[in-house]
Amino acid sequence: MSGFLRRLMGALVGMPDYDAYLAHHLAHHPERAAMTRKEFFRNRQEARYGKGGGGKCC
Amino acid sequence: MFGPLPWMAAGLLGLGALAKVALDHGEPINALWLVVASLGCFAASYRFYARFIGAKVMGLDSARATPAVRRPDGLDYVATDRNVLFGHHFAAIAGAGPLVGPVLAAQMGYLPGSLWIIFGVVLAGAVQDFLVLCISMRRDGKSLGEIIRMEMGEVAGGIALLGTFMIMVIILAVLALIVVKALAESPWGMFTVAATVPLALAMGVYSRWIRPGRVGEVSLLGLVGLLAALVFGQDVAQSAFWGPLFTYTPIQICWILIVYGAIASLLPVWLLLAPRDYLSTFLKIGTIIALAIGILIMAPALKMPALTQFVNGGGPVWSGGLFPFLFITIACGAVSGFHALIASGTTPKLIASEADAPFIGYGAMLAEAFVAIMALVGASIIEPGIYFTMNSPAALIGTTPESAAAAVSAMGFAITPEAIVQLTKDIGEHTILSRTGGAPTLAVAMAQIFSHVVGGAAMKAFWYHFAILFEALFILTAVDAGTRAGRFMVQDLLARAVPGFARFGGMAQGLIGTGICVAAWGFFLHQGVTDPLGGVNTLWPVFGISNQMLAATALMLATAVLFRMKQQRYAWVSALPTVWLLICTLSAGWLKLFSDDPKVGFLSHAAKFSAAAAQGKLLAPAKSMAQMERIIFNDRVDALLCGFFMVVVLAVLAAAVRTCLAAMRSEVPTVREVTA
């Protein structure tokens, strides 16, 4: 799947790009361990649907 | 891109097509005229009006850092490609509203609805989304409630938050009601929708443990399961054993939904809510695109008249005349206050450049308006006789094809009992009488369009149930997510208001929050399901009024912000749609409260039932004195709610006027933007 399509499908359901997160993390916080893909996925799922989440319209 | 000339040409083409739609009432016109009219007007308004608002009114500056640039974290704040972000924002704003409202509005003919969608979105709806997006983008992506507090004061913020919770309750009830109306007595539909629950659970397990993060992959697997359920559903419905197991009355489905909503809000999100959201979002986007292509290929003629006799009121689908009720019946698609919550949610944190804001904020709302136009086209290409058979309450058309055909033909929309029976058979249902709520009507239209392109008449039943599944799935996802969000709102409110609540365990808090939230929307859902006029008649106007009032609130905030930016010479951009929405919602609210017509006014309806009860008489549909009492009680609750919304919006108006006056007295901008 091309990068654009993959990012678009993620964005449709509010799942940000893991590679972009990893690049950001390595560039800015190299001293801390980055989340694995699995941890990142769970973290973002919780953020979208957890407390205060559920950004859905009628 | 290309300079202004092609956009001007598109606008002129759109206006020309609109003139044809509005003035040519001889032959049935082709739906493509309406498509061209809306797309042309949208293109020109995007190029000229959105650009004007961005450049002059908000002073957008691509050199100014957005939150995603200033404080990126790879999680919440991520500078995102504008096309990807457009998809994110559109998927978040487009729900059932733009599909249902226009279908209901078609009872007045296709013309009033299409004019309101086109002019409403260009001058009010897209403006609101765009302005709120800009305002939130300049405040670190703060939410609407927080910004109201920052710019208009604590009191206005508190009132707006309470109002938002009540609006959410009404939205959940009315959405659930649409699902009830679509699935009642329909084993095929009920089976496929029920199948999505185990399917989602399996997807949840898969994406939790087997292949985490593979959203596309798990959704594809889910989609295969969904189609299998759809195909298999026909056999289930026809089976002598399984068919009755999936056949439920509206009141049974009402209780199923209430219990389901409560459980869904307490389960871990990865197990049910998230996978359902994936499935429903991709199905929603895919089906919307397919519908657009289908309309272009089929190029159907609009069979509904441009205007029906119901523009003056007295229509069977919903009560009241064109003004003000058309403007609250079509909320989403023309202008929707709920979008202000989305535009101040995740999107402003993801925007990469201020220059992208018109495309995302204004553009995505234009796309939603186009979805509304497609729904209106759908409702208008089916035989008007069928439309009114499906959307009139049983109290008016009876419960047999013969009585319905006679009643609808008497309205002036000729239809035979044979045609009703034939369509019922074609779409594989038990009945199409009084299938109110908009979803079944749209499904019939979509079945016509899709079966024209793929499969012919033999596939009509499949496509009908595909459309029902598509609508029910994403409505139920919204109900899940909304109940969950509402549950946390209640928990927050209780933690502040009730000392000691914070000491309860998480489970107890969750149970109490969920219980209150579900009881609130369940009350209105139950009332709607047992309403003799079909429920939609009562609940949809309250939903429309509250949603448009939220839009007015967002636009008042935008006006106050413009004054505080010392940009008041451009404040008409938000003030004019505010005034229009206030006129529509306050007069509609007033009529719902105090109209003498018991079909329109809650209080006169209560008075009629009280008078009868006092004399010991029963009025249909009540079969006992207890039911009479409950109808009176429901009317009074509805009236109270309507009055509450009116008070909320007037309080926000007062705060906005005070804010604007204070801002005018100041020599310098008083706006509170977050810059560093």
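Definitions and cut-offs
- Residues numbered from 1 in each chain as written.
- Chains lettered and ligands numbered in written order.
- Predicted model: local features only at pLDDT ≥ 70, side-chain atom pairs only at ≥ 80, totals over all residues.
- Heavy atoms only, no water.
- Helix = DSSP H or I, 4+ residues; strand = E, 2+ residues; numbered from the N terminus.
- Rg over C-alpha atoms; globule rule 2.2 N^0.38 Å.
- Buried < 20%, exposed > 50% of the residue type's maximum accessible area, 1.4 Å probe, protein only.
- Contact = heavy atoms within 4.5 Å.
- Areas by Shrake-Rupley, 256 points an atom, 1.4 Å probe, with all protein chains shown as cover.
- Axes fitted to C-alpha atoms, helices over the stretch in contact; angles between N-to-C directions.
- Parallel < 35°, antiparallel > 145°, perpendicular 65-115°, else oblique.
- Left-handed = near helix turned anticlockwise from the far one by under 90°.
- Phe/Tyr/Trp six-rings, centres within 6.5 Å; stacked < 30°, edge-to-face > 60°.
- Buried area = accessible area lost by both parts, 1.4 Å probe.
- Salt bridge = Lys/Arg side-chain N within 4 Å of Asp/Glu carboxyl O.
- Nonpolar A, V, L, I, M, F, W, Y, C, P; charged D, E, K, R; others polar.
- Polar contact = N/O pair within 3.5 Å; in protein donor to acceptor, adjacent residues only side chain to side chain.
- Core = buried A, V, L, I, M, F, W, Y, C linked by side-chain atoms within 4.5 Å.
- pLDDT = per-residue confidence, 0-100.
- Patch = residues over 30% accessible without salt bridge, like charges linked within 9 Å, V, L, I, M, F, W, Y side chains within 5 Å.

### Details of the overall build of chain B
A count of helical and extended segments in chain B gives 28 helices and 0 strands. Computed over its C-alpha atoms, the radius of gyration of chain B comes to 24 Å, within 12% of the 26 Å expected for a compact globule of 676 residues. For chain B, the spread of C-alpha atoms along the three principal axes comes to 70 × 65 × 60 Å. By residue count, 62% of the 676 residues in chain B fall in the buried class. Long-range contacts, defined here as pairs at least 24 residues apart, represent 82% of the contacts in chain B between residues at least 6 apart. With an accessible surface of roughly 23800 Å², chain B has 69% of that area assigned to carbon and sulfur atoms.

### Some thoughts on the packing of helix α6 (residues 110-137) of chain B against helix α26 (residues 572-594) of chain B
Residue and element names in this part refer to chain B. Two numbers describe how α6 lies on α26: the axes approach to 10 Å, and their chain directions differ by 125 degrees. Put simply, α6 runs oblique to α26. Our pair here, α6 against α26, has a crossing hand that is left-handed. On α26, the residues touching W116, L123, A124, V127 and L131 of α6 are V573, S574, P577 and W580.

### Looking at helix α14 (residues 322-329) of chain B
Taken across its 8 residues, α14(B) has 6 buried, putting it largely inside the fold. Within the span of α14(B), buried status applies to B:P324, B:F325, B:L326, B:F327, B:I328 and B:T329.

### Some details on the packing of aromatic side chains
In this description, a pair of aromatic rings is defined by centroid distance and the angle of the planes. Residues and elements named next belong to chain B. In the structure shown here, the tally under the stated rule is 32 aromatic pairs over all chains. Ring geometry for F523 and F524: centres 5.0 Å apart, planes at 85 degrees, overall edge-to-face. Residue classification places F523 among the partly exposed positions, given a relative accessible area of 27%. Taken together through their ring pairs, the aromatic side chains of Y49, F52, Y570 and W572 make up a single cluster.

### Some details on the interface of chain B and chain A
When the parts of a complex come together, some accessible area is lost, and that lost area is often taken as the interface size. Between chain B and chain A, the contact holds 49 residues from the first and 32 residues from the second. Around 3400 Å² of area is buried between chain B and chain A when both sides are counted, 67% of it from carbon and sulfur atoms. Across the pair B:D76 and A:R44 runs a salt bridge whose closest N-O atoms are separated by 2.8 Å. When residues of the side of chain B that touches chain A are assigned to their parent elements, the largest contribution, 8 residues, is made by helix α13 (residues 273-298) of chain B. Looking at side-chain class alone, the side of chain B that touches chain A contains 28 nonpolar, 13 polar and 8 charged residues.

### Re the side chain of B:E151
Residues and elements named next belong to chain B. Relative to the helices and strands, E151 resides in helix α7 (residues 144-152). Separated by 3.1 Å, the side chain of E151 and the backbone nitrogen of R672 make a polar contact. Beyond its immediate sequence surroundings of up to four residues, E151 is in contact with R139, L557, V561, R564, T659, V671 and R672.

### Remarks on unusual backbone geometry
All names here are of chain B. Following F323, the chain continues to P324 via a peptide bond in cis, the omega torsion being 0 degrees. If you trace the backbone, P324 turns up in helix α14. Residue E185 is not a glycine yet carries a positive backbone phi of 55 degrees. Residue class for E185 comes out partly exposed when judged on its relative accessible area of 29%. In this model, S434 sits at a positive phi of 50 degrees, which is unusual for a non-glycine residue.

### Some thoughts on the pattern of salt bridges
Residues and elements named next belong to chain A. By the definition in use, this model includes 19 salt bridges over all chains. Its salt-bridge partner being D19, residue R37 comes within 3.6 Å of it at the nearest N-O pair. Of this pair, R37 sits in helix α3 (residues 37-49) while D19 sits in helix α2 (residues 18-28); the two residues are 18 residues apart in sequence, bridging distant segments of the chain. The exposure class assigned to R37 is partly exposed, which follows from its relative accessible area of 39%. Here the salt bridges do not stand alone but share partners, grouping R6, D17, D19 and R37 into one network.

### So, the packing of helix α4 (residues 82-93) of chain B against helix α17 (residues 357-381) of chain B
All names here are of chain B. Contact geometry for α4 and α17: axes closest at 9 Å, N-to-C directions at 50 degrees. It follows from the interaxial angle that α4 and α17 lie oblique. In this structure, α4 meets α17 at a crossing whose hand is right-handed. Two secondary-structure elements touch here, α4 through R82, N83, L85, F86, H89, F90 and I93 and α17 through F359, I360, G363, A364, M365, A367, E368 and V371. Considering only residue class, the contact of α4 with α17 consists of 10 nonpolar, 3 polar and 2 charged.

### Quick notes on the nonpolar core
As a rule of thumb, nonpolar side chains are buried together in soluble globular proteins. Residue and element names in this part refer to chain B. Membership of the largest hydrophobic core comes to 243 residues, with the highest contact counts inside it found for M152, Y278, Y362, Y387, F388, W521 and L525. Setting aside residues no more than four positions away along its own chain, M152 makes contact with I147, L557, A560, V652, A655, A656, R658 and T659. Of all hydrophobic cores here, the second largest spans 8 residues; its members include A606, A612, A622 and M628.

### Structural notes on the confidence of the model for chain B
Taken over all residues, the pLDDT of chain B has a mean of 94, while the share at 70 or more is 100%. Here the predicted complex carries an ipTM of 0.94, next to a pTM of 0.96.

### Side note on the environment of B:C584
Residues and elements named next belong to chain B. One can find C584 in helix α26. The class of C584 is buried, set by a relative accessible area of 2%. Excluding residues within four positions of it along the chain, C584 makes contact with F323, P324 and F327.

### Quick look at a nonpolar patch on the surface
Together, B:I289, B:I293, B:I297, B:V453 and B:V454 make up a nonpolar patch on the protein surface, roughly 420 Å² of accessible area in all. In terms of residues, the nonpolar patch owes the most to one element, α13(B), which gives 3 residues.

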